[in-house]
Amino acid sequence: MLNDFAFKRIIGALSWKWHRRHIHLPEVATALRADIQAASPNHIAFTGDLTNIAAESEFIQGERWLKDFGDGNLISFTPGNHDAYVPISWDRTIGRLNAYMSSDMRQTESFPFVRLRRNIALIGLNTAQPQKLLSAGGAVGPAQRQRLADQLRTLRERGFYRVVMIHHPPAPGLALPIRSLSDAAEMKDLLESEGAELVLHGHNHEHSLNFLESKFGQIPIVGVPSASMTKTSQHDIAAWNLYSITRSKSQWHTNVKIRQWNADIKQMENQNAFDLPPRS
Ligand SMILES: [Fe+2]
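What this report covers is the structure whose coordinates are included nearby. Since the model is a prediction, treat every value here as computed from it, not as a measurement.

Conventions we followed
The residue numbering used here restarts from 1 in each chain and proceeds along that chain's sequence as written. Under the rules for a predicted model, residues below a pLDDT of 70 receive no local features and side-chain atom pairs below 80 are neither given nor counted, while totals for whole chains, interfaces and linings still include all residues. Excluding hydrogens and water, the side-chain values take into account all heavy atoms of the structure. Secondary structure follows DSSP: runs of H or I at least 4 residues long count as helices, runs of E at least 2 residues long count as strands, and numbering of each begins at the N terminus. Note on method: radius of gyration uses C-alpha positions; expected globular size equals 2.2 Å times residues raised to 0.38. Buried, partly exposed and exposed residues are distinguished by accessible area as a fraction of the type maximum, computed with a 1.4 Å probe on protein chains only: under 20%, between the cut-offs, and over 50%, respectively. Any pair of residues with heavy atoms lying within 4.5 Å of one another is described as a contacting pair. Working definition of accessibility: Shrake-Rupley area with a 1.4 Å probe, residue cover restricted to the visible protein chains. His is not counted here, nor are the chain ends, while Lys and Arg score as positive and Asp and Glu score as negative. Just so you know, the charge point we use is NZ for Lys, CZ for Arg, CG for Asp and CD for Glu. Throughout, the arc means the angular range of directions from the helix axis out to the C-beta atoms. To pair, rings of Phe, Tyr and Trp, with the six-membered ring standing in for Trp, must have centres within 6.5 Å; the planes then decide the type, stacked if under 30 degrees apart, edge-to-face if over 60, and tilted in the middle. Polar contacts here mean pairs of N or O atoms no more than 3.5 Å apart (in protein, one a potential hydrogen donor and the other a potential acceptor; neighbouring residues in sequence count only if both atoms are side-chain atoms). In this scheme, strands are said to pair when DSSP sees at least two bridges between them. Each axis is a line fitted through C-alpha atoms, and for a helix only the stretch in contact is used; angles between axes span 0 to 180 degrees, taken between their N-to-C directions. Each metal's donors are the N, O and S atoms within 2.8 Å of it, or within 3.2 Å when it is Na, K or Ca, and because water is not part of the set, sites may look incomplete. Square planar and octahedral sites, with four and six donors, are those where opposite donors lie more than 155 degrees apart and all other angles lie between 65 and 115, tetrahedral sites have four donors with every angle between 85 and 135 degrees, and the rest are irregular. Here, nonpolar core refers to any group of buried Ala, Val, Leu, Ile, Met, Phe, Trp, Tyr and Cys residues whose side-chain atoms link them within 4.5 Å.

Considerations on the overall build of the chain
Along its length, the chain carries five helices and eleven strands. Taken over C-alpha atoms, the radius of gyration comes to 18 Å for the chain, in line with the 19 Å a tight globule of 280 residues would show. Considering only C-alpha atoms, the chain reaches an extent of 60 × 45 × 35 Å along its principal axes. Classification of the 280 residues of the chain by burial places 50% in the buried group. A separation threshold of at least 6 residues defines the contact pool for the chain, and within that pool the share at least 24 residues apart is 63%. Working note: accessible area of the chain is about 13,600 Å², and carbon and sulfur atoms make up 51% of it. Counting 31 positive and 27 negative side-chain charges, the chain places the averaged centre of each group 2 Å from the other.

Re helix α5 (residues 184-194)
Considered for burial, the residues of α5 that qualify are Ala184, Met187, Leu190, Leu191 and Glu194. For α5, the angular spread of buried residues about the axis comes to 120°, placing them on one side. Packed against the buried residues of α5 are α4 (142-157), β5 (161-166), β6 (198-201), β7 (208-214) and β8 (217-223). After α5 finishes, the residue glycine 195 shows a positive phi value of roughly 75°.

Concerning the packing of aromatic side chains
With the rule as written, the count across this model stands at five aromatic pairs. When the ring of phenylalanine 46 is compared with that of phenylalanine 77, the centres are 5.2 Å apart and the planes differ by 65°; the resulting orientation is edge-to-face. Taken together, the residues span a long stretch of sequence, with phenylalanine 46 in strand β1 (residues 44-46) and phenylalanine 77 in strand β2 (residues 75-77) at a distance of 31 residues. Like phenylalanine 46, the residue phenylalanine 77 is buried in the burial classification.

Looking at the environment of glutamate 213
If you trace the backbone, glutamate 213 turns up in strand β7. In this structure the C-alpha to C-alpha distance between glutamate 213 and glutamine 146, which are 67 residues apart in sequence, comes to 20 Å. Every residue in contact with glutamate 213, bar those within four places of it in the chain, is listed here: Glu192 and Gln218. A distance of 3.0 Å separates polar atoms of two side chains, one belonging to glutamate 213 and the other to glutamine 218.

Focus on the environment of glutamate 56
Following the sequence through the fold, glutamate 56 ends up in helix α3 (residues 56-69). When the C-alpha positions of glutamate 56 and aspartate 91 are compared, they lie 9.8 Å apart, and in sequence the two are 35 residues distant. Residue contacts for glutamate 56: discarding those within four places in its chain leaves Arg92, Thr93 and Arg96.

Some details on the sheet that holds β6
Ordered in space as β3-β4-β5-β6-β8-β7, the six strands form an open sheet in which the pairing is mixed. In this open sheet, the two strands that pair with only one neighbour each are β3 (113-117) and β7. Within the sheet, the average angular offset between the axes of one strand and its neighbour, ignoring direction, is 20°. Direction of pairing for β5 relative to β6: parallel, over a ladder of four bridges. Bridge pairing links valine 164 to valine 199 in β6. Relative to β7, α5 is tilted by about 60°, and along the sheet it contacts β5, β6, β7 and β8.

Section: the coordination of the iron ion
With distances of 2.1 to 2.6 Å, the protein atoms coordinating the iron ion are Asp49 (OD), Asn81 (OD1), His167 (NE2) and His203 (ND1). What the four donor atoms of the iron ion show is an angle range of 86 to 168° at the metal, which sorts the shape as irregular. Counting the intervening residues between successive donors of the iron ion yields the motif D-x31-N-x85-H-x35-H. Within this pair, whereas asparagine 81 is found in the loop between β2 and β3, its partner histidine 203 is found in the loop between β6 and β7, the two being separated by 122 residues in sequence. For the pair asparagine 81 and histidine 203, one class covers both residues: buried.

Some details on the nonpolar core
Counting 29 residues, the largest nonpolar core has Leu66, Ile75, Phe77, Leu97, Met101 and Trp261 as the members making the most contacts within it. Where this core is concerned, the elements lending two or more residues are α2 (26-39), β1, α3 and β2. Among residues more than four places away in sequence, those in contact with tryptophan 261 are Val28, Ala31, Met229, Thr230, Ile237, Ala238, Lys266, Gln267 and Met268. Grouped together as the second largest cluster of nonpolar side chains are 23 residues, Ile166, Ala171, Leu190 and Ala196 included.

Overview of the sheet that holds strand β10 (residues 251-262)
Through backbone hydrogen bonds, the strands of a sheet pair up, either in parallel or in antiparallel fashion. Taken together, the three strands give an open sheet; going across it, the order is β9-β10-β11, and neighbouring strands pair in antiparallel fashion. At either margin of the open sheet sits one strand with a lone partner, and together these are β9 (239-248) and β11 (267-279). Averaged over all pairs of adjacent strands, the angle between their axes in this sheet comes to 20°, without regard to strand direction. Contacts between α2 and the sheet are confined to β9, β10 and β11, with β9 contributing the most and set at about 20° to the helix.

Next comes the structure, spelled out in structure tokens:
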């Protein structure tokens with residue numbers, strides 16, 4: 001008998017066959033990857049999703065794509081809802097990407113992982129949990145939130161610029177209810193009390209910039225479009241953000257440059273550039 005999760009996967013596969021494969025193009029993702037490589041950033045933050053229905057074959061292909069991009073020292077990855085579309089074997093799916101989710105801190109649990117790059121700390125959360133049909137939600141969960149709070153506090157005391165990587169937007173109202181974190185309100189409270197210098201998320205397939213107020217200053221919450229989206233009326237076209245982070249006069253300065261796919265000339269191009277508010 002067909003169970004709910006098998007049914008969900010069939011629906012997801014049909015959605016890909018009939019719709020998504022026509023708007024998510026491999027050549028766009030490949031051009032975007034080459035554009036990032038040409039910019040030669042110190043580090044790459046990839047906030048998922050990597051796959052569509054979390055099939056092992058998709059992860060094998062995705063792992064190959066990532067390896068051609070760079071190794072685990074260069075790239076950090078956080079899974080998205082599609083990467084846990086149904087209950088899966090961790091080792092045969094997301095676990096294939098362990099090299100991109102390893103932690104530089106001594107810790108017993110896998111998430112949040114912490115990666116230290118000079119005076120920048122990337123903190124990667126896992127919000128990917130199998131959802132019922134038509135839901136694209138997720139959750140951080142109380143245990144992961146507690147560890148995140150401890151990490152944010154410790155890293156602040158050690159003077160790091162803290163970048164939180166999360167697939168789903170981490171505050172209420174930033175995604176439709178069926179696409180939201182079940183603990184978005186708790187995440188907002190946590191970020192406002194512990195602070196962070198930057199939060200990066202995916203999921204919404206659009207450019208977005210929101211702010212949370214913390215006692216340590218404003219926290220920018222930045223969303224990016226999908227890396228493979230061609231021109232549609234529904235979603236923003238494929239893009240990536242280049243963050244230049246500097247420290248001077250006891251403040252952090254963050255400049256953001258947006259590089260976007262131009263479907264007419266089939267090339268990446270500059271779309272926008274702006275500074276985030278300085279942070280102490
Ligand atoms: Fe997603």
